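# Structural characterization, general
If you want the building blocks of each chain, they are given just below.
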Amino acid sequence: GRGQLIIKNRTTSYVAGAWCPRSADLTPEIPDLLAALETRIGPVDRVLYKLSEWAHAPAKLPVGTRRIRLDGYRIQPPHTVEVLGFNRNRVVLLVVPPDASPAHAESTMSDAAAPVRTTTIDA
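What you see is a predicted model, and the numbers here were worked out from it, not measured in a lab. (Residues numbered from 1 in each chain as written. Predicted model: local features only at pLDDT ≥ 70, side-chain atom pairs only at ≥ 80, totals over all residues. Heavy atoms only, no water.)

### What to know about the overall build of the protein chain
Where we set the bar: Under the scheme used here, helices are H or I runs from DSSP no shorter than 4 residues and strands are E runs no shorter than 2 residues, and both carry numbers assigned from the N terminus. Exposure categories follow from relative accessible area, calculated using a 1.4 Å probe and restricted to protein chains: below 20% of the type maximum is buried, above 50% is exposed, and the middle band is partly exposed. Residues count as neighbours in contact if any of their non-hydrogen atoms are within 4.5 Å of one another.
The helix and strand inventory of the protein chain stands at two helices and seven strands. Reading the secondary structure of the protein chain in the N-to-C direction produces β-β-α-β-β-β-β-β-α. A buried classification covers 40% of the 123 residues belonging to the protein chain. Taking the contacts inside the protein chain whose residues are at least 6 apart along the sequence as the reference set, 61% of them involve residues at least 24 apart.

Laid out in structure tokens, this is it:
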């Protein structure tokens, strides 16, 4: 369902899991995502995203007592976000578009959670 995050225990591929946000607006989506990821990578410093896939977002977003940098790029791989921790840990997530059909979302989340990823990001 929307708002769901799946992270592999171990990753052997570029993508460590998948995220199914409720909307294409990062501002309300990021706090819950970071809360789920910080147990894995520690405090988060930056989130990189593809500009054309998200609504306009501020350069810095207050989350708790910190300000997280949101960096939109034209060259970011499609349908991904990269979350970077202060300690240089990083997680790349496959993003299921909010307007995806439930069947497509479920299929993508299952594929991203597989121990060995056999499909490409574009697929």
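### Here we look at unusual backbone geometry
Here the phi dihedral of His-79 falls at roughly 60 degrees; this positive angle occurs in a residue that is not glycine. Counting through the fold element by element, His-79 comes out in the loop between strand S5 (66-73) and strand S6 (80-85). On the basis of relative accessibility, which here comes to 32%, the residue His-79 falls in the partly exposed class. If you check the backbone angles, Arg-88 has positive phi at about 75 degrees while not being a glycine.

### Comments concerning the pattern of salt bridges
Two side chains bearing opposite charge may form a pair once their charged atoms approach each other closely. For the record, the criterion: Between Lys or Arg on one side and Asp or Glu on the other, a salt bridge is scored when a side-chain nitrogen of the former is within 4 Å of a carboxyl oxygen of the latter.
Across all of its chains, the model carries five salt bridges by this definition. With a closest N to O distance of 2.5 Å, Glu-38 and Arg-66 form a salt bridge. Separated by 28 residues along the polypeptide, Glu-38 in helix H1 (residues 26-41) and Arg-66 in strand S5 bring together distant segments of the chain. For Asp-71, the salt bridge goes to Arg-69, with nearest N and O atoms at 3.6 Å. Overall, the relative accessible area of 31% leaves Arg-69 in the partly exposed class.

### Points about the nonpolar core
What counts, and what does not: Think of a nonpolar core as a cluster: buried Ala, Val, Leu, Ile, Met, Phe, Trp, Tyr and Cys residues, connected wherever their side-chain atoms sit within 4.5 Å.
Counting 22 residues, the largest nonpolar core has Trp-19, Ile-30, Leu-34, Val-47, Val-81 and Val-83 as its most contacted members. It is H1 that provides the largest number of residues to this core, a total of six residues. In this structure, Val-81 is in contact with Trp-19, Val-47, Leu-48, Tyr-49, Trp-54, Gln-76, Val-91, Val-92, Leu-93 and Val-95, ignoring residues within four places of it in sequence. Among the nonpolar cores identified, the runner-up in size contains eight residues, and Val-15, Cys-20, Leu-94 and Ala-105 belong to it.

### Regarding the environment of Ala-100
Within the secondary structure, Ala-100 sits in the loop between strand S7 (90-95) and helix H2 (102-113). Residue class for Ala-100 comes out buried when judged on its relative accessible area of 12%. Residues Ala-100 and Cys-20, spaced 80 residues apart in sequence, show a C-alpha to C-alpha distance of 9.3 Å.

### What to know about H1
Quick reminder of the rule: Expected helix span is taken as 1.5 Å per residue step, with the number of steps being one fewer than the number of residues. Bend at a residue means the angle formed by two fitted axes: the first through the 7 residues ending at that position, the second through the 7 residues beginning there.
Compared with an ideal rise of 1.5 Å per residue, which puts 16 residues at 22 Å, H1 spans 20 Å between its outermost C-alpha atoms and falls more than 12% short. Helix geometry: H1 is bent most strongly at Ala-35, by close to 30 degrees. The first or second residue beyond H1 is Gly-42, which carries a positive phi of 85 degrees.

### Quick notes on the side chain of Glu-82
To be explicit about the condition: In protein, a polar contact means a hydrogen-donor-capable atom and an acceptor-capable atom, both N or O and within 3.5 Å, with residues adjacent in sequence counting only if both atoms are side-chain atoms; elsewhere, any N or O pair within 3.5 Å suffices.
Mapped onto the elements, Glu-82 comes out in strand S6. Judged by relative accessible area, which is 12%, Glu-82 ranks as buried. There is a polar contact of 2.9 Å between the side chain of Glu-82 and the side chain of Arg-90. With residues near it in sequence (within four places) discarded, Glu-82 still touches Tyr-14, Arg-46, Val-47, Leu-48, Gln-76, Arg-90, Val-91 and Val-92.

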